[in-house]
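Observations on the model geometry
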Amino acid sequence: MDKLTLIRLKDNQYFDQINSYINAFNRTTDHIHGSASLNKYDDLNGWLQDIKRNEHEDSVQDGYVPAYQFLLIREKDNKLVGMANCRVRLNEHLEYVGGHIGYSIHPDERQKGYATRLIPLCFPMYKALSINHVLITCDEDNIGSKKAILNNGGKYLSTYYYDEEGLNVERYLVPVNPN
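Overview of the structure. (Residues numbered from 1 in each chain as written. Predicted model: local features only at pLDDT ≥ 70, side-chain atom pairs only at ≥ 80, totals over all residues. Heavy atoms only, no water.)

It is worth spelling out the overall build of the chain at this point. For the chain, the helix and strand inventory stands at six helices and seven strands. From first element to last, N terminus to C terminus, the chain shows the α and β order β-α-α-β-β-α-β-α-α-β-α-β-β. Relative to its length of 179 residues, the chain is compact, with a C-alpha radius of gyration of 15 Å against a globular reference of 16 Å. Taking the principal axes of the C-alpha coordinates as reference, the chain spans close to 40 × 40 × 35 Å. Contacts in the chain between residues far apart in sequence, at least 24 positions, make up 59% of those at least 6 positions apart. Accessible surface computed for the chain: about 9,700 Å², of which carbon and sulfur atoms make up 45%. (Helix = DSSP H or I, 4+ residues; strand = E, 2+ residues; numbered from the N terminus. Rg over C-alpha atoms; globule rule 2.2 N^0.38 Å. Contact = heavy atoms within 4.5 Å. Areas by Shrake-Rupley, 256 points an atom, 1.4 Å probe, with all protein chains shown as cover.)

The subject of this paragraph is helix 6 (residues 143-151). All of the buried residues in helix 6 are Ser145, Lys146, Ala148 and Ile149. Buried residues along helix 6 cover an arc of 160 degrees about the axis, so they all sit on one side. Seen from the buried face of helix 6, the exposed residues on the opposite side, beyond 90 degrees, are Lys147 and Asn151. Buried residues along helix 6 sit in contact with strand 4 (101-105), helix 4 (114-121), strand 5 (133-139) and strand 7 (167-175). Looking one or two places after helix 6, you find Gly153, whose phi comes out positive at around 85 degrees. (Buried < 20%, exposed > 50% of the residue type's maximum accessible area, 1.4 Å probe, protein only. Arc of directions from axis to C-beta.)

Here Asn152 is to be found in the loop between helix 6 and strand 6 (155-162). The class of Asn152 is buried, set by a relative accessible area of 11%. Polar contacts involving the side chain of Asn152 include one to the main-chain carbonyl oxygen of Thr116, which spans 3.0 Å. (Polar contact = N/O pair within 3.5 Å; in protein donor to acceptor, adjacent residues only side chain to side chain.)

According to the stated counting rule, one finds 11 salt bridges in the structure shown. A salt bridge links Arg171 to Glu95; the shortest N-O distance between them is 3.5 Å. In this pair, Arg171 sits in strand 7 while Glu95 sits in helix 3 (residues 92-98), placing the two residues 76 residues apart along the sequence. A relative accessible area of 33% places Glu95 in the partly exposed class. Here the residues in one salt-bridge network are Arg74, Asp77, Lys79, Glu109 and Lys112, joined through shared partners. (Salt bridge = Lys/Arg side-chain N within 4 Å of Asp/Glu carboxyl O.)

Interpretation note: all reported values are geometric properties and have no functional meaning in isolation.
In structure tokens:
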């Protein structure tokens, strides 16, 4: 099994791979979840600046909560295979649609168990914040994400109709310290 590492995005080291990640998603109809709204930026430097700003309560953008952006790197080839955005707390929107952890897996790397392995890599941050359960959401028809959540002990809470996108979002509570 390939060793995976979550790396906190701090500089432009992975910009070439991030551009490839964007291009891979552009070939699909999928949204890049867990990317701090990467799809809304034309400039990765601006995206990185906003990520750094949004790590701190006193500088977070309006409507956002403090969060950390991570890259899921496969160590054997130093390849970006996924992303995770780990939010320190929830606001009303995240309570229903985004949850604590947003994530995506590179379209060419799906169905390899990476999402299942990514979720618990986020747990040390939540343990340090004394958060015992995280809310993770997924679109109702996202079978892969649902499996990853359930594989990590997710307990179904409810389904929320997200009118803005016209879709049903399933909400799960996942223990940070599974037994």
